[in-house]
Amino acid sequence: MSKRTVIVSGGLLEEEFAVSILKNEETELIVGVDRGLEFLYKHSILPDYIVGDFDSVPEEIITYYKEETKVPVREFNPIKDASDTEIALRLCLDLRRQNILILGGTGTRMDHVWANVQALKLAVDAGADARIVDTHNQIRLLKNSFVLKKEEAYGPYFSVFPLGGDVKDFNLKGAKYPLNHHVLTAYDSLCVSNQIKEDEVEISFPFGVVILMETRD
């Protein structure tokens, strides 16, 4: 897989965890998003692109990036049709980035979290691997069959939810709670907090999109 791109958004940014990803040699490109710029500025990490309406960034920080660096800044009116994180994700896809992590995509604002999860649909439609991560969660979308390997899992638990409608003929093989020809709906919690029983779990379904959350306490 290609080296990763990291979007730094304005939600929960756990210092040690985020810095370890941003300074890892696998990280090739960084996009600072609105309040996420504060985190980058504090840790002297220079992003490759900056996007946002900057309504939650101290003026001196955005002034520094505009006047003291050569980082491309894409500023938007606060009255716009997409979230800052979605705009950043669209930029990454325009740049043909295929391996994208979103830091600061979770936090106390559940409306922002849900908007970020839905925005992942842009990536999965473009054939890119985009994930929202924090120290306890990894969230991605699937529109094809997928194998979740125990040795590569983000945590001991995984949950699956449909996005955009029921997913018929949904199957889980190798899980503690397997499923066969199930109709996955948005109105029950059957697929919450499952576990990997075998070396790997096979997730398969012929049509639709599902949210896969890998979690740890």
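A quick note: this is a predicted structure, and the numbers were derived from the prediction, not measured.

Examining the sheet that holds strand β11 (residues 179–184)
Whenever strands of a sheet pair, they do so through backbone hydrogen bonds, lying parallel or antiparallel. The four strands lie next to each other as β8-β13-β10-β11, forming an open sheet whose pairing is antiparallel. In the strand order of this sheet, the two ends are held by β8 (146–149) and β11, each with one partner. Neighbour-to-neighbour, the strand axes of this sheet turn through a mean angle of 25°, independent of strand direction. Taken together, the three bridges between strand β10 (residues 167–173) and β11 define a ladder with antiparallel strand orientation. Paired with V167 across the bridge in β11 is L184.

Details of the domain arrangement of the chain
When cut into domains, the chain gives domain 1 (4–135) and domain 2 (142–215). Computed from C-alpha coordinates alone, the two centres of domain 1 and domain 2 are separated by 28 Å. Contact residues are listed per partner, giving 10 residues for domain 1 and five residues for domain 2. Taking both sides of the interface into account, the surface hidden between domain 1 and domain 2 amounts to around 580 Å²; carbon and sulfur atoms contribute 74%. Of all residues in domain 1, the largest losses of buried area upon contact with domain 2 belong to V117, K121 and V124, amounting jointly to 51% of the total for that side. The tally of links between domain 1 and domain 2 comes to one salt bridge. With its nearest N and O atoms 3.0 Å apart, the salt bridge here joins D125 to K143. Summed over the shared surface of domain 1 and domain 2, the number is two residue pairs in polar contact (both at pLDDT 80 or more). Counting residues per element, the side of domain 1 that touches domain 2 draws most heavily on helix α5 (residues 110–125), which supplies six residues. A breakdown of the residues in the side of domain 1 that touches domain 2 according to their chemical character gives five nonpolar, two polar and three charged.

Conventions we followed
- Residues numbered from 1 in each chain as written.
- Predicted model: local features only at pLDDT ≥ 70, side-chain atom pairs only at ≥ 80, totals over all residues.
- Heavy atoms only, no water.
- Pairing = 2+ DSSP bridges.
- Helix = DSSP H or I, 4+ residues; strand = E, 2+ residues; numbered from the N terminus.
- Axes fitted to C-alpha atoms, helices over the stretch in contact; angles between N-to-C directions.
- Domains from an automatic or database assignment.
- Contact = heavy atoms within 4.5 Å.
- Buried area = accessible area lost by both parts, 1.4 Å probe.
- Salt bridge = Lys/Arg side-chain N within 4 Å of Asp/Glu carboxyl O.
- Polar contact = N/O pair within 3.5 Å; in protein donor to acceptor, adjacent residues only side chain to side chain.
- Nonpolar A, V, L, I, M, F, W, Y, C, P; charged D, E, K, R; others polar.

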